[in-house]
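A look at the structure
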Amino acid sequence: MPPGAAVFRFILVVFSAAALRAMELITILNRCHRFPGFVYSQARFSPESKSIEVTVRPRKRSAAVCSRCHRPAPGYDQLPERKFEFIPFWGFLVFLLYSMRRVDCPRCRAVIVEEVPWGDGKRTLTKAYMLYLARWARRLSWKETAEAFRTSWDKVFDAVEHVVTFGLAHRALGPIDAIGVDEIQYSKGHKYLTLVYQIDPAMTRLLWIGRERTIESFQEFFTCIGDELASKIVFVCSDMWQPYLKVIREKCSQALHILDRFHIVAKMNLALDDVRAEESRRMKREGRVPVLKKSRWLLLRREQNLKDEQRFRLRDLLRYNLKTVRAYLLKEAFQQLWDYNSPAWAGKFLDEWCRQTMRSRIEPMKKIARSLRQHRELILNYFRAQKLLSSGVVEGLNNKAKLTMRKAYGFRTFRVLELALYHSLAKLPEPETTHDFF
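Below: a short report on this structure. Keep in mind it's a predicted model, so treat the numbers as computed, not measured. (Residues numbered from 1 in each chain as written. Predicted model: local features only at pLDDT ≥ 70, side-chain atom pairs only at ≥ 80, totals over all residues. Heavy atoms only, no water.)

A word on the overall build of the protein. For the protein, the helix and strand inventory stands at 16 helices and 12 strands. A compact globule built from 438 residues should have a C-alpha radius of gyration of about 22 Å, whereas the protein, at 31 Å, is more than 25% larger. Overall, the C-alpha framework of the protein stretches about 90 × 60 × 35 Å when taken along its three principal axes. Across the 438 residues of the protein, 45% fall into the buried class. Summarising the internal contacts of the protein: among those between residues at least 6 apart in sequence, 59% fall at separations of at least 24. Carbon together with sulfur atoms contributes 54% to the accessible area of the protein, which is approximately 24300 Å² in total. Side-chain charges of the protein comprise 76 positive and 47 negative groups, with the mean position of each set lying 2 Å from the other. (Helix = DSSP H or I, 4+ residues; strand = E, 2+ residues; numbered from the N terminus. Rg over C-alpha atoms; globule rule 2.2 N^0.38 Å. Buried < 20%, exposed > 50% of the residue type's maximum accessible area, 1.4 Å probe, protein only. Contact = heavy atoms within 4.5 Å. Areas by Shrake-Rupley, 256 points an atom, 1.4 Å probe, with all protein chains shown as cover. Lys, Arg positive; Asp, Glu negative; His and termini not counted. Charge placed at Lys NZ, Arg CZ, Asp CG, Glu CD.)

This paragraph deals with the packing of helix 12 (residues 343-358) against helix 13 (residues 363-374). Helix packing geometry: the angle between the two helix axes and the distance between the axes. As a packed pair, helix 12 and helix 13 sit with axes 9 Å apart at the nearest point and diverge in direction by 150 degrees. Put simply, helix 12 runs roughly antiparallel to helix 13. Our pair here, helix 12 against helix 13, has a crossing hand that is left-handed. On helix 13, the residues touching Leu350, Trp353, Cys354, Arg355, Thr357 and Met358 of helix 12 are Met365, Lys366, Ile368, Ala369, Arg370, Leu372 and Arg373. Tallied by class, the residues present in the contact of helix 12 with helix 13 amount to eight nonpolar, one polar and four charged. (Axes fitted to C-alpha atoms, helices over the stretch in contact; angles between N-to-C directions. Parallel < 35°, antiparallel > 145°, perpendicular 65-115°, else oblique. Left-handed = near helix turned anticlockwise from the far one by under 90°. Nonpolar A, V, L, I, M, F, W, Y, C, P; charged D, E, K, R; others polar.)

This part covers helix 8 (residues 261-285). Given a rise of 1.5 Å per residue, 25 residues ought to cover 36 Å, and the 37 Å separating the end C-alpha atoms of helix 8 matches this to within 8%. Sitting at the amino-terminal end of helix 8 is Asp260, which places a side-chain oxygen 2.9 Å from the backbone nitrogen of Phe262. The first or second residue beyond helix 8 is Gly287, which carries a positive phi of 75 degrees. (Expected span 1.5 Å × (residues − 1). Polar contact = N/O pair within 3.5 Å; in protein donor to acceptor, adjacent residues only side chain to side chain.)

Before going further, it helps to spend a moment on the pairing of strand 8 (residues 178-187). In terms of burial, strand 8 is largely enclosed, as seven of its 10 residues are buried. Bridging between strand 8 and strand 11 (residues 235-238) involves three bridges; their strand directions are parallel. Opposite Ile179, over in strand 11, you have Val236 as the bridge partner. (Pairing = 2+ DSSP bridges.)

The subject of this paragraph is the environment of Tyr328. For Tyr328, the location among the structural elements is in helix 11 (residues 323-334). Tyr328 sits 108 residues away from Glu220 along the chain, and the two C-alpha atoms are 41 Å apart. Beyond its immediate sequence surroundings of up to four residues, Tyr328 is in contact with Leu272, Leu298, Leu299, Leu314 and Leu318.

Summarising the element assignment, Glu250 is placed in helix 7 (residues 242-251). The exposure class of Glu250 is partly exposed, given its relative accessible area of 47%. Put simply, Glu250 and Gln219 are 31 residues apart on the chain and 9.5 Å apart in space, counted from C-alpha to C-alpha.

Overall, the coordinates contain 24 aromatic pairs when judged by the stated rule. Following the ring pairs from residue to residue traces out a cluster consisting of Phe35, Phe38, Phe84, Tyr98 and Trp118. Just above the ring of Phe262 sits the side chain of Arg261; from NZ or CZ to the centre is 5.6 Å. (Phe/Tyr/Trp six-rings, centres within 6.5 Å; stacked < 30°, edge-to-face > 60°. Lys NZ or Arg CZ within 6 Å of the ring centre and 35° of its normal.)

In this section: the pairing of strand 6 (residues 92-105). Among the 14 residues that make up strand 6, 11 are buried, leaving the element largely enclosed by the rest of the structure. Both strand 2 (residues 51-58) and strand 6 contribute to a ladder of five bridges, which runs parallel. Paired with Ser51 across the strands is Leu93, a residue of strand 6. Here strand 5 (residues 75-89) runs beside strand 6; their pairing, made up of 10 bridges, is antiparallel. Residue pairing across strands places Phe89 opposite Phe92, the latter belonging to strand 6. Remark: two residues form the turn of the hairpin made by strand 5 and strand 6, two consecutive strands paired antiparallel; Trp90 in that turn has positive phi of roughly 55 degrees. Judged from the four bridges that link them, strand 6 and strand 7 (residues 110-113) form a sheet pairing that is antiparallel. Along strand 7, the bridge assignment pairs Asp104 with Val111. The antiparallel hairpin formed by strand 6 and strand 7 contains four residues in its connecting segment, where Arg109 sits at a positive phi of about 55 degrees.

Turning our attention to the side chain of Glu183. Inspection of the secondary structure puts Glu183 in strand 8. Excluding its chain neighbours within four sequence positions, the residues that come into contact with Glu183 are Tyr192, Leu193, Arg213, Asp239, Tyr244 and Asn398.

So, about the sheet that holds strand 11. The mixed open sheet is built from five strands, whose spatial order is 10-9-8-11-12. The sheet is open, and its two edges are formed by strand 10 (203-211) and strand 12 (256-259), each paired on a single side. Direction aside, neighbouring strands of the sheet carry axes that sit 25 degrees apart on average. As paired elements, strand 11 and strand 12 share four bridges and run parallel to each other. Of the residues in strand 12, the one forming a bridge with Cys237 is Ile258.

With that out of the way, let us pick up the packing of helix 15 (residues 392-407) against helix 16 (residues 414-425). Relative to each other, helix 15 and helix 16 sit at 130 degrees, their axes nearing to 10 Å. Between helix 15 and helix 16, the angle falls in the class oblique. Relative to helix 16, helix 15 is oriented so that their crossing is right-handed. Judged by residue contacts, Leu397, Lys400, Ala401, Thr404 and Met405 of helix 15 engage Leu417, Ala420, Leu421, Ser424 and Leu425 from helix 16. Considering only residue class, the contact of helix 15 with helix 16 consists of seven nonpolar, two polar and one charged.

All right, on to helix 15 then. The first and last C-alpha atoms of helix 15 sit 23 Å apart over 16 residues, in line with the 22 Å expected at 1.5 Å per residue. Taken together, the buried positions of helix 15 are Val394, Leu397, Asn398, Ala401, Thr404 and Met405. Down the axis of helix 15, the smallest arc covering the buried residues is 110 degrees, so these residues share one side. (Arc of directions from axis to C-beta.)

Put into structure tokens, the structure is as follows:
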């Protein structure tokens, strides 16, 4: 170590020791982190002067509390001293040192380690520090949080798990007027999550996460909330995925089921892209001029999002008598559906559009028309709900979920992903604390 660094280190330790005495760290702890039945007896630097150690002892004549039944019980013996990590102070790690007592609990009929108000089971972090880390883990990635506070990724995981477990146990599920259900891919190999959101105007939050997008996984959500709460749901938004449609018919038949307009448009874009790709390959085989080359985004983007030179090129492309052009015009004509307010007039427009599309002899577009006919009433429910609800909110929440996954560069297990999404999107209640730390 350079001489200057050693001198600086010595000055820092001396100054910090003086500051520790001047500000009376024990007094500060009693102000912000005090618990009945326990006393902070001594604060000192560790032998290597890299951390602060605060000794805690039980108050005289205070009874230990059984950690199983949460009732006072007679003492049995005392265990070796344990360290509980507290919120860092001035760049120093802070530890609470306490010798846990064991109680001979007559109600549990066993010798059990006592319950301490600052700790949670066998975790080495205090509750205050876990809440502190969990709040930062909502802003940063878990790895960045661990590096910022000189701790480990596993401890950040413990902190988030503690806060999420408390929140799920203490959240109020109802009342729920509107829900939205969708799936997102979370791993390679077509691994999906089913996400159910509350999308009331006054409350948007993640309600439930299910592994895979099957009938069984979605049914677990209704098992979770119960039949009484499910019977009071007024609106449900979803896409055309058949397992979702089936479960909604069975479990939530009284609700107005609205099909997601964004997924309808996305499926139409996929059909248009299939037409363009097939026709482009055919033109190449026949040796014709490749007018469709590099035209994908000209056709898929909305016209108002195109640049001037792209608009000119699109105008030139529309002069050709191609299947792709006819499919594009059908797709653009369909957008007029969303301008209607009346379900009756919207239904007439939808019927006419499907009739014209079925006569177009463009198979991918005809497939879309058959699907729209099959789900006609669910599409018109968007207008019956006065266009107040759609899955736009769900898509926004899905983007936040994907951002949470990207921020961590993926998660190792489903459990970690589940905790991260609940922590970021569920708006869960947090454990009470004696002081609101930064």
